Amino acid sequence: MAVTNYYKTIGKRWEVKTLPKKMGRPFSENPKSMRVDVRLTKEEMEKLDKYCAKMNVTRPQGLRNGIKELEKR
């Protein structure tokens, strides 16, 4: 993120001032910008919830973990 400069007059001369960086959440190196909708059966959802409870992760993280397991095979 570029810092914007602005000029301020002081008497007869100009002075360059630098604006401070904006506060907020830092940018991610690998943002999760892709979205997927999935329809699951009741049994599949129960298996996912059981796994997520056991591993103490959220549903999306549980699905990401499953995708990583597929890469290992």
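Only a predicted model underlies this, so the values are computations on that prediction, with no experimental measurement involved. (Residues numbered from 1 in each chain as written. Predicted model: local features only at pLDDT ≥ 70, side-chain atom pairs only at ≥ 80, totals over all residues. Heavy atoms only, no water.)

1. Focus: helix α1 (residues 42–55)
Each α-helix turn comprises 3.6 residues. Residues three or four places apart therefore point the same way. Keep this limit in mind: Numbering of helices and strands runs from the N terminus; a helix is a DSSP stretch of H or I covering at least four residues, while a strand is a stretch of E covering at least two. How far a helix is expected to stretch is found by multiplying one less than its residue total by 1.5 Å.
In this model, α1 (14 residues) spans 20 Å end to end at C-alpha, consistent with the 20 Å of a helix rising 1.5 Å per residue. Note on α1: the residue one or two positions beyond its end, N56, has a positive phi of about 55°.

2. Some thoughts on the pattern of salt bridges
Heads up, the rule is: The salt bridge definition used is simple: a Lys or Arg side-chain nitrogen within 4 Å of an Asp or Glu carboxyl oxygen.
All chains considered together, the criterion is met by two salt bridges. D49 serves as the salt-bridge partner of R59, at 2.8 Å between the closest nitrogen and oxygen. Of the two residues, R59 is situated in helix α2 (residues 59–72) and D49 in helix α1; the sequence distance between them amounts to ten residues.

3. Quick notes on a nonpolar patch on the surface
What counts here: Two distance rules govern patches: like charges are joined within 9 Å, and nonpolar side chains (Val, Leu, Ile, Met, Phe, Trp, Tyr) within 5 Å, applied only to residues with over 30% relative accessible area and no salt bridge. Each accessible area is a Shrake-Rupley estimate made with a 1.4 Å probe; only the visible protein chains count as cover when residues are assessed. Each residue is placed in one exposure class: buried if its accessible area under a 1.4 Å probe, protein chains only, is under 20% of its type's maximum, exposed if it is over 50%, and partly exposed if it falls in between.
On the surface, V36, V38 and L40 cluster together into a nonpolar patch covering about 290 Å² of accessible area. By secondary structure assignment, the location of L40 is in the loop between β2 (13–18) and α1. Residue classification places L40 among the partly exposed positions, given a relative accessible area of 37%.

4. Quick word on the side chain of N65
Stated formally: In the analysis that follows, any N or O atom pair within 3.5 Å is treated as a polar contact, provided that within protein one partner can donate a hydrogen and the other can accept it, and provided that, for residues neighboring in sequence, both atoms belong to side chains. Whether two residues are in contact is decided by their heavy atoms: any pair within 4.5 Å suffices.
Residue position: N65 is located in helix α2. In terms of polar contacts, N65 uses its side chain to reach the side chain of Y51, at 3.2 Å. Filtering out sequence-adjacent residues up to four positions away, N65 remains in contact with Y51 and V57.

5. Quick word on unusual backbone geometry
We note that N56 has phi near 55°; this positive angle belongs to a residue other than glycine. Structurally, the position occupied by N56 is in the loop between α1 and α2. With a relative accessible area of 70%, N56 lands in the exposed category.

6. Section: the packing of α1 against α2
The criterion, for reference: Note on method: axes are straight lines fitted to C-alpha atoms, helices fitted across the in-contact stretch only, with angles between N-to-C directions ranging 0 to 180 degrees. Note on angle classes: values under 35 degrees are labelled roughly parallel, values over 145 roughly antiparallel, values of 65 to 115 roughly perpendicular, and the remainder oblique. Each residue gets one of three labels, nonpolar for Ala, Val, Leu, Ile, Met, Phe, Trp, Tyr, Cys and Pro, charged for Asp, Glu, Lys and Arg, and polar for the others, Gly among them.
Orientation of α1 relative to α2, taken along the N-to-C sense of each, is 95°, at an axis distance of 9 Å. By the criterion of interaxial angle, the relationship of α1 to α2 is roughly perpendicular. Taking contact as the criterion, the partners of M45, L48, D49, Y51 and C52 in α1 are, on α2, R59, G62, L63 and N65. Counted by class, the contact of α1 with α2 contains five nonpolar, two polar and two charged residues.

7. Focus on the confidence of the model for the protein chain
Caution applies to low-pLDDT parts of the model: their predicted coordinates are not meant to be read in detail. How we decide: Scored from 0 to 100, pLDDT reflects the predictor's confidence in each residue.
Predicted confidence across the protein chain gives a mean pLDDT of 83, with 73% of residues reaching 70 or more. Ranking the helices and strands of the protein chain by mean pLDDT puts α1 first, with 97, and strand β1 (residues 5–10) last, with 59.

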